[in-house]
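Spelled out from the first residue to the last, the chains are:
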Amino acid sequence: MGMPRPVLIATAALAGALLLAPPPATAAPRKPQPPVREGGGRDTAVAVAPAAAASRALGAPTPALRHDTGYPRHTVLVPPPVNPADKSVKLGLTPYHAIAPKLNELQKLSDRVSVEVAGRSAGGHELYLVTVTAPETAAQARDQERMRESIEHSPAAAAKDRKIKSAYKAPLFINNNIHGNEWEGTDAALKLIERLATADDARTTELLSKSRIHLNVTANPDGRIAGTRANANGFDLNRDFITGSQPESCAIRQIAIDKQPVMMLDLHGYVNGTLIEPTTPPHGENYEYDLFLKNSYANALGMEAAINGLGYTPQKDGVQPAIIPFRDQQEGWDDWPPIFTPQYMPFHGTVAAHTVEFPTRVNGQDYDTQPVDELRRRSTINTAIAGAAMRATLDYALDHRASVIADQIEIFRRGSAGEAQRPVSEETVPGVPGIGPEDVYTAEFPRAYVIPAGSGQRSATAAARLVDHLAANDVQVVRADEGFRLNGRMYPAGSYVVDMHQPKRGLANVILADGRDISADVSAMYDISGWSLGLLWGATVDRVEDGRLRVEGRTVQAAAPTGHVAPHGDLALRLDDPKELTAVNSLLAQGVRVRRTDDGTAVVPGSARAQARVLADRYGVAFRATEQRGTADLHRTRVAAAVTPGELFSLREMGFDVVPVSTAVLNAGFDWSAADVLYVSTGLSYKALDPAARAALDGFLKGGGGVVGLGSTGAAFNTDARLLAATAVEGHGDANGVVRVVNAGGPVTGGASGHSFVYSPLWFTGLGAGVRADQSYGSGNPLVSGHWRALKSGSGGPLDAAGRASVVSGTSAQGSQVVLFGTQPLFRAHPKGVFAQLGRALLTTGE
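Residues numbered from 1 in each chain as written. Predicted model: local features only at pLDDT ≥ 70, side-chain atom pairs only at ≥ 80, totals over all residues. Heavy atoms only, no water.

Colleague: Mind showing me how you'd approach the packing of helix α20 (residues 578–589) against helix α28 (residues 832–845) here?
Modeller: The axes of two packed helices give the description: the angle between them and the distance between them. Contact geometry of α20 with α28 gives a least axis separation of 8 Å together with a crossing angle of 30°. Listed contacts from α28 to Pro578, Leu581, Val584, Asn585 and Leu588 of α20 are Lys832, Phe835, Ala836, Gly839, Arg840 and Leu843. Looking at the contact of α20 with α28 residue by residue, the classes come out as seven nonpolar, two polar and two charged. (Axes fitted to C-alpha atoms, helices over the stretch in contact; angles between N-to-C directions. Helix = DSSP H or I, 4+ residues; strand = E, 2+ residues; numbered from the N terminus. Contact = heavy atoms within 4.5 Å. Nonpolar A, V, L, I, M, F, W, Y, C, P; charged D, E, K, R; others polar.)

Colleague: Quick question: what am I supposed to make of the nonpolar core here?
Modeller: Residues Leu103, Val130, Ile213, Leu215, Leu293 and Val498 are the most contacted members of the largest nonpolar core, which totals 143 residues. Here this core gets twelve residues from one element, more than from any other, and that element is helix α15 (residues 372–399). Contact partners of Leu293, with chain neighbours within four places excluded, come to Pro278, Ala298, Phe326, Val424, Val429, Val432 and Ile435. Of all hydrophobic cores here, the second largest spans 51 residues; its members include Leu573, Leu581, Val594 and Phe835. (Core = buried A, V, L, I, M, F, W, Y, C linked by side-chain atoms within 4.5 Å. Buried < 20%, exposed > 50% of the residue type's maximum accessible area, 1.4 Å probe, protein only.)

Colleague: Is there a simple way to explain the sheet that holds strand β20 (residues 602–604) in this structure?
Modeller: Either a parallel or an antiparallel arrangement is found when strands of a sheet pair, and the pairing is made through backbone hydrogen bonds. Strand order across the open sheet formed by six strands is β17-β21-β18-β20-β19-β22, with mixed pairing between neighbours. The two strands at the open ends of the sheet, each matched to only one other strand, are β17 (564–565) and β22 (632–634). Judged from the three bridges that link them, strand β18 (residues 570–573) and β20 form a sheet pairing that is antiparallel. Within β20, the residue paired with Leu573 across the bridge is Ala602. (Pairing = 2+ DSSP bridges.)

Colleague: So what exactly am I meant to see when it comes to the side chain of Arg401 here?
Modeller: Of note, Arg401 is situated in helix α16 (residues 401–417). Those residues within four positions of Arg401 in sequence are excluded, and the remaining contacts are Ile164, Lys165, Ser166, Ala167, Tyr168, Ala170, Lys210 and Tyr396.

Colleague: Before we go on, may I ask you to explain the confidence of the model for the protein in this structure?
Modeller: Averaged over all residues, the pLDDT of the protein equals 94, while 95% of them reach at least 70. Note that pLDDT drops below 50 for residues 1–32; the model gives that stretch 71 contacts with residues more than four away or on any other chain. (pLDDT = per-residue confidence, 0-100.)

Colleague: What is the right way to read the pattern of salt bridges from this model?
Modeller: Between side chains of opposite charge, a pair can form when the charged atoms approach closely. Considering all chains together, one arrives at 54 salt bridges under this definition. For Lys163, the salt bridge is made with Asp143, and the minimal N-O distance between the two is 2.4 Å. Placement of the pair is Lys163 in helix α5 (residues 162–167) and Asp143 in helix α3 (residues 138–153), with a sequence separation of 20 residues. The salt bridge partner of Glu419 is Arg422, with a shortest N-O separation of 3.1 Å. Among the charged side chains, a salt-bridge network with shared partners connects Glu288, Asp290, Glu410, Arg413, Arg414, Glu419, Arg422 and Arg505. (Salt bridge = Lys/Arg side-chain N within 4 Å of Asp/Glu carboxyl O.)

Colleague: Hey, could you run me through the sheet that holds strand β16 (residues 553–555) in this one?
Modeller: Strand order in the open sheet made by the five strands is β15-β10-β14-β11-β16, with antiparallel pairing throughout. The open sheet terminates on both sides in strands that have one partner only, identified here as β15 (542–544) and β16. Strand-to-strand twist across the sheet, computed as the mean angle between neighbouring axes with direction ignored, equals 25°. Most of the contacts of helix α17 (residues 460–472) go to strand β10 (residues 448–451), to which it runs at about 140°, and overall it touches β10 and β14 (496–499).

Colleague: Sorry if this is basic, but what is going on with helix α24 (residues 691–702) here?
Modeller: In an α-helix, one turn spans 3.6 residues; hence positions three or four apart end up facing the same way. A rise of 1.5 Å per residue sets the reference length of α24, with its twelve residues, at 16 Å; its end C-alpha atoms lie 16 Å apart and thus fit the reference within 8%. Lining the buried residues of α24 we find α23 (663–667), β25 (677–680), β26 (706–710) and α25 (711–720). (Expected span 1.5 Å × (residues − 1).)

Colleague: Would you mind showing me how to read the environment of Thr94 here?
Modeller: Residue position: Thr94 is located in the loop between α1 (51–59) and α2 (96–109). On the accessibility criterion, Thr94 (18% relative accessible area) is buried. In this structure, the C-alpha to C-alpha distance between Thr94 and Trp183, residues 89 residues apart in sequence, is 8.9 Å. Apart from the residues lying within four places of it in its own chain, the contact partners of Thr94 are Ser88, Ile99, Asp187, Leu190 and Arg224. Within the structure, the side chain of Thr94 is placed 2.6 Å from the side chain of Asp187, a separation counted as a polar contact. (Polar contact = N/O pair within 3.5 Å; in protein donor to acceptor, adjacent residues only side chain to side chain.)

Colleague: Would you take a moment to explain α3 for this structure?
Modeller: Counted at 1.5 Å a residue, the expected span for α3 with its 16 residues is 22 Å, and the 22 Å between its end C-alpha atoms agrees. Those residues of α3 not exposed but buried are Ala141, Gln144, Glu145, Met147, Arg148, Ser150, Ile151 and Glu152. On the buried face of α3, the contacting elements are α4 (155–158), α5, β4 (211–216), α9 (247–259) and α16.

Colleague: It is not clear to me how the packing of aromatic side chains should be interpreted in this structure. Could you clarify?
Modeller: Centre distance and the angle of the planes are the two values used to describe a pair of aromatic rings. Within this structure, the stated rule accounts for 21 aromatic pairs. Both rings, one in Trp183 and one in Tyr367, keep their centres 5.7 Å apart while their planes meet at 25°; by these two values the pair is stacked. Within this pair, whereas Trp183 is found in the loop between β3 (170–176) and α6 (184–198), its partner Tyr367 is found in helix α14 (residues 364–369), the two being separated by 184 residues in sequence. According to the relative accessible area criterion, Tyr367 is buried, its value standing at 10%. A centroid spacing of 5.6 Å and a plane angle of 25° characterise the contact between Tyr759 and Phe827, whose relative ring orientation is stacked. With Tyr759 in strand β29 (residues 755–759) and Phe827 in the loop between β34 (817–821) and α28, this pair connects stretches of sequence that are 68 residues apart. The exposure class assigned to Tyr759 is buried, which follows from its relative accessible area of 2%. Through successive ring pairs, a cluster of aromatic residues spans Tyr287, Tyr289, Phe292 and Phe347. The positively charged end of Arg73 is found above the aromatic ring belonging to Tyr71, 4.0 Å away from the centroid. (Phe/Tyr/Trp six-rings, centres within 6.5 Å; stacked < 30°, edge-to-face > 60°. Lys NZ or Arg CZ within 6 Å of the ring centre and 35° of its normal.)

Colleague: What exactly am I supposed to notice about unusual backbone geometry here?
Modeller: Backbone geometry follows two general trends: most residues other than glycine have a negative phi, and most peptide bonds adopt the trans configuration. A cis geometry characterises the amide bond from Phe241 onward to Ile242, with omega recorded as 25°. Considering the arrangement of structural elements, one finds Ile242 in the loop between α8 (221–226) and α9. The amide bond that connects Asn272 to the next residue, Gly273, takes the cis arrangement and shows omega of 5°. Summarising the element assignment, Gly273 is placed in the loop between β5 (263–269) and β6 (275–276). Of note in this structure, Asn177 is not a glycine but carries a positive phi near 65°. Structurally, the position occupied by Asn177 is in the loop between β3 and α6. Residue classification places Asn177 among the buried residues on the basis of a relative accessible area of 0%.

Colleague: What exactly am I supposed to notice about the pairing of β14 here?
Modeller: When a strand is regular, its side chains alternate between the sheet's two faces. Here β10 pairs with β14 via four bridges, running antiparallel. Within β14, the position partnered with Val450 by the bridge is Val497. In this structure, strand β11 (residues 478–480) lies alongside β14, joined through two bridges in antiparallel fashion. By the bridge assignment, Val478 is partnered in β14 with Val497.

And the structure:
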């Protein structure tokens, strides 16, 4: 890292030209501590989500937002039933059930206010998107859409378009309450909507004539009501970009695509003083960081002045001055992974995106222990600070409308032209002090990516899912009409090509690239550091560095169908993909006799061809002809699971029958006749079971019940219950990323990918007789992308893990089949191509 950032306080003009002065020059310089953000680190919460929430998330399409009508486009919302238990009530904030009536009133009050339902949450609650703008006819709205399309798809022409410069309304996006127990952004948004709906001053009129202000009133109604950070599936939605597993994050993704905001805010809590992005290194390498930093830093100064100008003080209110991490800190708040909303939005053209953290805590222990009056005092402060941040951002957007639109056009122009990124420096980003070499992160974009068809593809099912995901993220994908040669290799017709000369090349690269090992760059990361869908989602993806790209084909909105059923004989279904696990679990639930081969392939009798056709069409899986008979019967596996929310969701995605358990559940009495396998990754300690619960569990194990253990909790359970002779060695607890692995074959890892995902990696030594190493970490440094350092002792690093067993299996002395994982194959429902290893382990131990 370079020298500490200089501490600067700037002034900014707010609405009505109110000028705010900086603190006195004699004020002592601040020395803020690195922030402690809620939710950082490995997921450890015990999943308890109802199956209905997973069904809603897996089954509900995200609605596209309309472009063919003008504004206002009033929607009469149906208010949900009054819920006195809504956690917002105690804070004096707006409960979810009161939002719809308020929005209905505002739509009646003003022709500037429009409401759309952008989707439903996992808990079934409507997501309200409000647009505030000057009225538009349908023709005017279509003209705005034409200009928006031109900015993205014809950026060179758009840069010269006089009408865009004079008439395009800058889209702005304010995202509120994505963490359900960080409430106040919603209330500030409602106050802002009402003010903009009724204000008659010249500046408001100009603002609404030159911009559209889109507000996601509450991004997480499930959590708002329950007072939880997560949604009804237990997901932290601000970690679901770029996986897109939850309906709420998919709704935000669609807003980003359809509205294409030039600026956005994401309102959070609670860190004192108020934290305002931009952040410390490392910075996301795949977007145009020079344009992002230029605007984000300048807008941050305006928000800082507005927030400090409210007059709150440490002595009077317990409120510290605002902090801009890029300026005030060296590390501790990075913007490296694309999983956060403000780190995802730049790929859709947002040139200033901010996490803003309110200062006064009202959640967690404070919610339960502080007096109501004190909580309401704090929530009032937070609401005022959120409002100040919103108003300052609107001021910046209005005062810099021409430049932020031009910068968005420039993002897309660089991508379409295939130009190199501009490394940040004090010369390339004038006005931003303290830029050093530690801030320079750029990507080397390839000429193209190819997702092959036919024999060159590991899994057609996985390839189709990846193509669908690219298209859902608005990445342009072309399906080749004919075979073609690229970089000396021949690809068959039907292969998919991602030309990296496209407006959203940064997003394409985020999804498909291997990523980077940044272990040497900073001492620690806040959250995950590696995420390659190209390596982790089960498809073959070829990176093409150069060459003339001439491929005849058409841009696709979805992959071609991949389902297939052989017309004769028995059928083989590879179990390499979660959709294949879903299909086999469906067959088992229907009473079809399915057997497995030694490498884990499922053998389905020809008599079930009709059922197979339905599943092939539904899930895109391929049933091939086979003469194999299999070596063991598979059974419908009932899983008692002490797991994280991401794991529970993934098990349900694969069609397993799951009952969530924990130490408390087992101590309360559990009917083990309802389970075939116990899966332990968090929240269950063998030692903490009372005598009756332990005896019941021991009976389950002696009766042949299977066990799958994951991570340190699973390894401790294995040791305490005296199952497999294997010693678990813990690596660095914060280490995470994509790793190379070597598979030994067999029913758990036969044919599996050569890459996996780790968080707090483990490996196994001292394997006893009969304990098999099903998978091992690769030789040398197994980390491909992410952050994995050794501990201060020098141990626990990736070199220590190299060649060591990452997945082991065997039969315990009690007769249980046991599989232990040192990797994280279901982490936050993300590494789709690794799911099957866990699914196979459950089927195998359930035999």
